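# Breakdown of the fold
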Amino acid sequence: MLFIKENIANIESRIKTAAEKSGRNFKDISLVAVTKTISPEIIQEAVDAGITLLGENKVQEARGKIDKIKGDVEWHLIGHLQRNKVKIALELFSLIQSLDSFALAEEIQKRARQMQKNVDVLVQINIGLEKTKYGINPADAESFIESVASLENLNVKGLMAIAPFKENPEDVRPYFREMRSIFERIKQESIKNVEMKYLSMGMSNDFEVAIEEGSNMVRIGTAIFGARDYSK
Ligand SMILES: *Cc1c(COP(=O)(O)O)cnc(C)c1O
């Protein structure tokens, strides 16, 4: 027995508390349920319990699930996107949260133009400068976004980050704080084609701290669906 509905209610109440702590409304925080390794049947339970945003890391995995889910939902890509999968990704996802290189941005631009659509993206920042993670170096964030802004069919809608893992979520607070400051700085630049709307940060282990530091989009898997089983 999985307690998905209960888990979601519990997370929503924790989001509410964290939002209030930072003087904001629960409604201003988007909850993305992260569904990697989770079956369509279980994902459907989350959607039936009120989830409207779903996040997948891999294009192929998402492709096998999206048609099976009933309801008014949007899918976000939250994992590294290979250039040869861009075309399919643009068909499946309403937001690409993981724009992590200019070569990828150019490929998205090329495909988006062919498909005559505009594509919303978040720029992934490697806030902990970790070798194992994708993302733009924080020091290059602004110039990267200025370059991407010149690509007509791409709309930058904000930033995404995965903080380094720490046992104690308090230890990631400085990373979230730095993300917030990059976000605010770029917002003030008022770059054409760029809207700093979403600051996507916070996962099961650290979402409350992320919200307290200004996140308005959290991506949560384990705390909704339980520990992932990669053996299946
Ligand atoms: C897996 C994943 C999450 C969710 O992580 P949990 O710890 O299970 O909540 C969020 N964001 C990204 C990019 C992920 O890959």
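Being a predicted model, the structure only gives us computed values, none of them experimental.

A count of helices and strands for the protein chain gives 9 helices and 8 strands. Computed over its C-alpha atoms, the radius of gyration of the protein chain comes to 17 Å, within 12% of the 17 Å expected for a compact globule of 232 residues. Dimensions of the protein chain along its principal axes, counting C-alpha atoms only, are 50 × 40 × 30 Å. Taken across its 232 residues, the protein chain has 49% of its residues classed as buried.

Every residue near the ligand is listed here: Val-34, Lys-36, Asn-57, Ile-78, Ile-162, Met-203, Ser-204, Arg-219, Ile-220, Gly-221, Thr-222 and Arg-228. Measuring from an oxygen atom of the ligand, one finds a side-chain N or O atom of Asn-57 at 2.7 Å. Arg-219 has a polar side-chain atom sitting 2.9 Å from a nitrogen atom of the ligand. Considered on its own, the ligand offers 390 Å² of accessible surface; in the complex 90% of this is hidden by protein. Taking a 2 Å distance to the grid points as the criterion, the majority of the atoms of the ligand fall inside the largest pocket. A breakdown of the residues in the shell around the ligand according to their chemical character gives 5 nonpolar, 4 polar and 3 charged.

What follows deals with the side chain of Ser-200. Position of Ser-200 among the secondary structure elements: in strand S7 (residues 194–200). A relative accessible area of 0% places Ser-200 in the buried class. Here the side chain of Ser-200 touches Arg-219 through a polar contact of 2.9 Å, side chain to side chain.

Running from amino to carboxyl end, helix H6 (residues 141–148) crosses helix H7 (residues 173–189) at an angle of 45°, the nearest separation of the two axes being 10 Å. For the element pair H6 / H7, the angle class is oblique. For the pair H6 and H7, the sense of crossing is right-handed. Residues Ala-141, Glu-142, Ile-145 and Glu-146 of H6 form the contact with H7, whose own contacting residues are Ile-182, Arg-185, Ile-186 and Glu-189. Residues belonging to the contact of H6 with H7 are distributed by class as follows: 4 nonpolar, no polar and 4 charged.

Let us look at the layout of surface pockets. Counted as a void, the largest pocket has a volume near 610 Å³. The wall of the largest pocket is formed by 28 residues, among which Lys-36, Asn-57, Lys-133, Ile-162 and Met-203 lie closest to the centre. When the residues that make up the lining of the largest pocket are grouped by side-chain class, the tally is 13 nonpolar, 9 polar and 6 charged.

On to the UniProt feature "domain: Alanine racemase N-terminal" (unreviewed entry) in the protein chain. Taking the UniProt record as the reference, the feature "domain: Alanine racemase N-terminal" (unreviewed entry) is found at residues 9–228. Secondary structure content for residues 9–228 is 39% helix and 20% strand, while the C-alpha to C-alpha distance between its ends is 20 Å.

It is worth spelling out the UniProt feature "modified residue: N6-(pyridoxal phosphate)lysine" (unreviewed entry) in the protein chain at this point. When the UniProt feature table is mapped onto this chain, "modified residue: N6-(pyridoxal phosphate)lysine" (unreviewed entry) is found at Lys-36. Of note, Lys-36 is situated in the loop between strand S1 (30–34) and helix H2 (40–48). Take Lys-36: its relative accessible area is 18%, and that puts it in the buried class. Not counting residues within four places of it along the chain, the set of residues in contact with Lys-36 comprises Gly-55, Glu-56, Asn-57, Glu-61, Lys-65, Arg-228 and Tyr-230.

On to unusual backbone geometry, then. Peptide bonds are trans in most cases, and residues, glycine excluded, mostly fall at negative phi. Even without being a glycine, Gln-116 presents a positive backbone phi close to 55°. Residue classification places Gln-116 among the exposed residues on the basis of a relative accessible area of 74%.

Next up on the list: the pattern of salt bridges. Taken as a whole and judged by the stated rule, the model has 16 salt bridges. In this structure, the salt-bridge partner of Glu-107 is Arg-111, at a minimum N-O distance of 3.4 Å. One end of the pair is Glu-107 and the other is Arg-111, both in helix H5 (residues 102–114) and 4 residues apart, which spans about a single turn. Residue class for Glu-107 comes out buried when judged on its relative accessible area of 15%.

On to the side chain of Arg-219. Summarising the element assignment, Arg-219 is placed in strand S8 (residues 217–220). It is Asp-206 that comes nearest to the buried, bridge-free Arg-219 among opposite-charge side chains, at 7.1 Å. Separated by 3.1 Å, the side chain of Arg-219 and the backbone oxygen of Ala-161 make a polar contact. Non-local contacts of Arg-219, meaning those with residues more than four positions away in its chain, are made with Val-32, Val-34, Ile-78, Gln-97, Met-160, Ala-161, Ile-162, Ser-200, Met-201, Gly-202, Met-203 and Ser-204.

Conventions used here
- Residues numbered from 1 in each chain as written.
- Predicted model: local features only at pLDDT ≥ 70, side-chain atom pairs only at ≥ 80, totals over all residues.
- Heavy atoms only, no water.
- Helix = DSSP H or I, 4+ residues; strand = E, 2+ residues; numbered from the N terminus.
- Rg over C-alpha atoms; globule rule 2.2 N^0.38 Å.
- Buried < 20%, exposed > 50% of the residue type's maximum accessible area, 1.4 Å probe, protein only.
- Near = heavy atom within 4 Å.
- Polar contact = N/O pair within 3.5 Å; in protein donor to acceptor, adjacent residues only side chain to side chain.
- Areas by Shrake-Rupley, 256 points an atom, 1.4 Å probe, with all protein chains shown as cover.
- 1 Å grid on protein atoms, 1.4 Å probe; cavity = no way out; pocket = protein on both sides within 12 Å on 5 of 7 lines; lining within 4 Å.
- Sits in = over half its atoms within 2 Å of the grid points.
- Nonpolar A, V, L, I, M, F, W, Y, C, P; charged D, E, K, R; others polar.
- Axes fitted to C-alpha atoms, helices over the stretch in contact; angles between N-to-C directions.
- Parallel < 35°, antiparallel > 145°, perpendicular 65-115°, else oblique.
- Left-handed = near helix turned anticlockwise from the far one by under 90°.
- Contact = heavy atoms within 4.5 Å.
- Points joined across faces, edges and corners; volume = space filled by probe spheres on them.
- UniProt positions renumbered as here; feature names shortened; annotations may be inferred.
- Salt bridge = Lys/Arg side-chain N within 4 Å of Asp/Glu carboxyl O.
- Lys, Arg positive; Asp, Glu negative; His and termini not counted.

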